[in-house]
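If you want the building blocks of each chain, they are given just below.
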Amino acid sequence: MSRYLFTNVIILNCSGEEPFPGEVLIEENKIVRIARSNEPLEQNNVEVINGKGRMTLMPGLIESHAHLSIDNTDDLAALGRIPPEEHTLLTMHNAKLYLDHGITSCISAASAKPRLDVVIRNAIEKGEIPGPRLLAATPWLTVTGGLGDMRTLHMPKVDSMALMADGPEEYRRITRELIREGVDIIKLVISGDSFVPHAGSETTIMSEEEVAAAATVAHAHGKRLSAHARSAESVKLCVRHGIKVIYHANYADEEAFDLMEANKDRLFVSPNIGFTAIAAYEGSDWFTEEQVKSMGFREELDSAVKGIQELMKRGVRILGGGDYGFMITPHGQNARDLDHFIKHCGMTNMEAILTMTKNGGEAMDMPNQLGQVKEEFFADLLLVDGDPLSDPKILLDRNNLHTIMKNGIIHKISR
């Protein structure tokens, strides 16, 4: 039986409690004992990992909006041109990269091809490849003309990371088909987006009948749903049809906020403001000032920030991470969301960290197993050389991650 003792560490347990010095004993894949510094644990038959009084032991990070199968792209159509064999290897590489950066769990927000997430999830669970715990998602399920539909009349066959369907019957069929292939999550694209000239972020492109058809099938099979939902009406559709993770929600209105608050025990909002924040104020390498203005990135960020602050007041759980893997949000920089929440939304450092730990464990449907340093929780842990509560940005440099442990197995340790 493998046994590890983290000693002489500062424990940031991510319950909301302030950090404290202590020790943590791991047996197999579980945290079995936590002791304060005045209650040292025996060190017999254990491998000791010494934090030297300065290192912080915290839960592994949980990414709420993962796209492991994209390649820091600026061209969705290019994803469709990657052959499936190479695409599987790319996804496998990104899975390891996430674990290298201390991300021990991921909720996928869309796979670029139908079975990529499924295959990688299965290989990770079998121990064949390194990677985070993964809930596997479908590609974006969108309507004709929605986000990800790159087709035109003169080029009717252009793949991206979306599957197109129209009408409730098509949504029933495609949902059943993807559940057959082994996904955990049905991902719907209910609203438009800034990148869709004919369907902007404040539009709602899926009909209620289409959303209802997909949701009925998913719920019947015990699967979960998530949704790209920027517009107010798309958020309302999410709540009415039992969608668990609502992405963006940046144009929610009072009725949408009321609905989310009334259902806050069963849903989560993952705002994913990183792309918008960087595009608005740090995106000069990718967007001209004219493009920033015409696409409304700053206005969209302002609306998102107001929405996040309203959600915080109403006690709706917010998730960190999201939309990393695009050109301005490269994989591995996911923890930048913590700083975005602090800088733009007024979260405390602790509130920001909880979005990628405690709240993430709850969103994974593992509230008593993931996201905190507690007895009987899984040993998904980071030993950080420094104090992430004082400066969450230290999590961005993987050289600061002295030890990365997932499920009681050491992925990295600095000797």
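Everything below is about the structure printed above this text.
Let's talk about the overall build of the protein chain
No. 1: Helices and strands together make up the secondary structure of the protein chain, namely 13 helices and 17 strands.
No. 2: On C-alpha atoms alone, the protein chain measures out to a radius of gyration of 21 Å, which is about the 22 Å that the 2.2 N^0.38 rule sets for 415 residues.
No. 3: The C-alpha extent of the protein chain, read off along each of the three principal axes, is 70 × 40 × 40 Å.
No. 4: When the 415 residues of the protein chain are sorted by exposure, 59% land in the buried category.
No. 5: Residue pairs at least 24 apart in sequence account for 67% of intrachain contacts in the protein chain once pairs closer than 6 positions are excluded.
No. 6: Carbon and sulfur atoms make up 49% of the accessible area of the protein chain, which totals about 16200 Å².

Examining unusual backbone geometry
No. 1: Within the chain, Asn45 stands out as a residue other than glycine whose phi angle is a positive 55 degrees.
No. 2: Relative to the helices and strands, Asn45 is located in the loop between strand 3 (30-36) and strand 4 (47-50).
No. 3: The class for Asn45 is exposed, based on a relative accessible area of 71%.
No. 4: In the Ramachandran plot, Asn407 falls in the positive-phi region, its phi being about 55 degrees despite a non-glycine side chain.
No. 5: Of note, Asn407 is situated in the loop between strand 16 (401-406) and strand 17 (409-413).
No. 6: Here Asn407 falls in the partly exposed class, since its relative accessible area comes to 27%.

Digging into the pattern of salt bridges
No. 1: A complete count under the given rule lists 32 salt bridges for this structure.
No. 2: One salt bridge connects Glu177 with Arg173, and the closest N-O pair in it is separated by 3.7 Å. You can see Glu177 and its partner Arg173 sitting in helix 4 (residues 168-180), four residues apart, about one turn around the helix.
No. 3: By relative accessible area, Glu177 is classed as partly exposed at 33%.
No. 4: Glu208 is the salt-bridge partner of Arg240, the closest N and O atoms lying 3.2 Å from each other. A residue pair is termed long-range when its members are at least 10 positions apart, and Arg240 in helix 6 (residues 232-240) and Glu208 in helix 5 (residues 208-220) qualify at 32 residues.
No. 5: What makes Arg240 partly exposed here is its relative accessible area of 39%.
No. 6: Each of the salt bridges in this network shares a partner with another, and the network as a whole consists of Glu254, Asp258, Glu261, Glu310, Lys313 and Arg314.

Considerations on the side chain of Lys187
No. 1: One can find Lys187 in strand 11 (residues 185-189).
No. 2: It is Asp323 that comes nearest to the buried, bridge-free Lys187 among opposite-charge side chains, at 6.3 Å.
No. 3: In contact with Lys187, other than residues within four places in its own chain, are His65, Ala109, Ala110, Thr138, Pro139, Trp140, Leu141, Ser226, Ala227, His228 and Tyr247.

A short note on the side chain of His101
No. 1: Inspection of the secondary structure puts His101 in the loop between helix 2 (84-100) and strand 7 (103-108).
No. 2: Apart from residues lying up to four places away in sequence, His101 is in contact with Leu61, Gly332, Leu396, Arg398 and Leu401.

Let's talk about the nonpolar core
No. 1: Membership of the largest hydrophobic core comes to 104 residues, with the highest contact counts inside it found for Tyr171, Leu188, Ile190, Ile246 and Met260.
No. 2: With residues up to four places along the chain from it excluded, the contact list for Ile246 reads Ala227, Ala229, Val235, Cys238, Val239, Met260, Leu267, Phe268, Val269 and Ser270.
No. 3: Grouped together as the second largest cluster of nonpolar side chains are 18 residues, Ile34, Val373, Ala379 and Leu381 included.

Comments concerning the packing of helix 10 (residues 297-314) against helix 11 (residues 336-345)
No. 1: Contact pair helix 10 / helix 11: the axes reach a minimum separation of 10 Å and the direction vectors enclose 90 degrees. It follows that helix 10 is roughly perpendicular to helix 11 by the angle criterion. Taking contact as the criterion, the partners of Leu301, Val305, Ile308, Gln309 and Met312 in helix 10 are, on helix 11, Phe341, His344 and Cys345.
No. 2: Across the contact of helix 10 with helix 11, the residue classes tally to six nonpolar, two polar and no charged.

Scoring rules and cut-offs
Residues numbered from 1 in each chain as written. Predicted model: local features only at pLDDT ≥ 70, side-chain atom pairs only at ≥ 80, totals over all residues. Heavy atoms only, no water. Helix = DSSP H or I, 4+ residues; strand = E, 2+ residues; numbered from the N terminus. Rg over C-alpha atoms; globule rule 2.2 N^0.38 Å. Buried < 20%, exposed > 50% of the residue type's maximum accessible area, 1.4 Å probe, protein only. Contact = heavy atoms within 4.5 Å. Areas by Shrake-Rupley, 256 points an atom, 1.4 Å probe, with all protein chains shown as cover. Salt bridge = Lys/Arg side-chain N within 4 Å of Asp/Glu carboxyl O. Lys, Arg positive; Asp, Glu negative; His and termini not counted. Core = buried A, V, L, I, M, F, W, Y, C linked by side-chain atoms within 4.5 Å. Axes fitted to C-alpha atoms, helices over the stretch in contact; angles between N-to-C directions. Parallel < 35°, antiparallel > 145°, perpendicular 65-115°, else oblique. Nonpolar A, V, L, I, M, F, W, Y, C, P; charged D, E, K, R; others polar.

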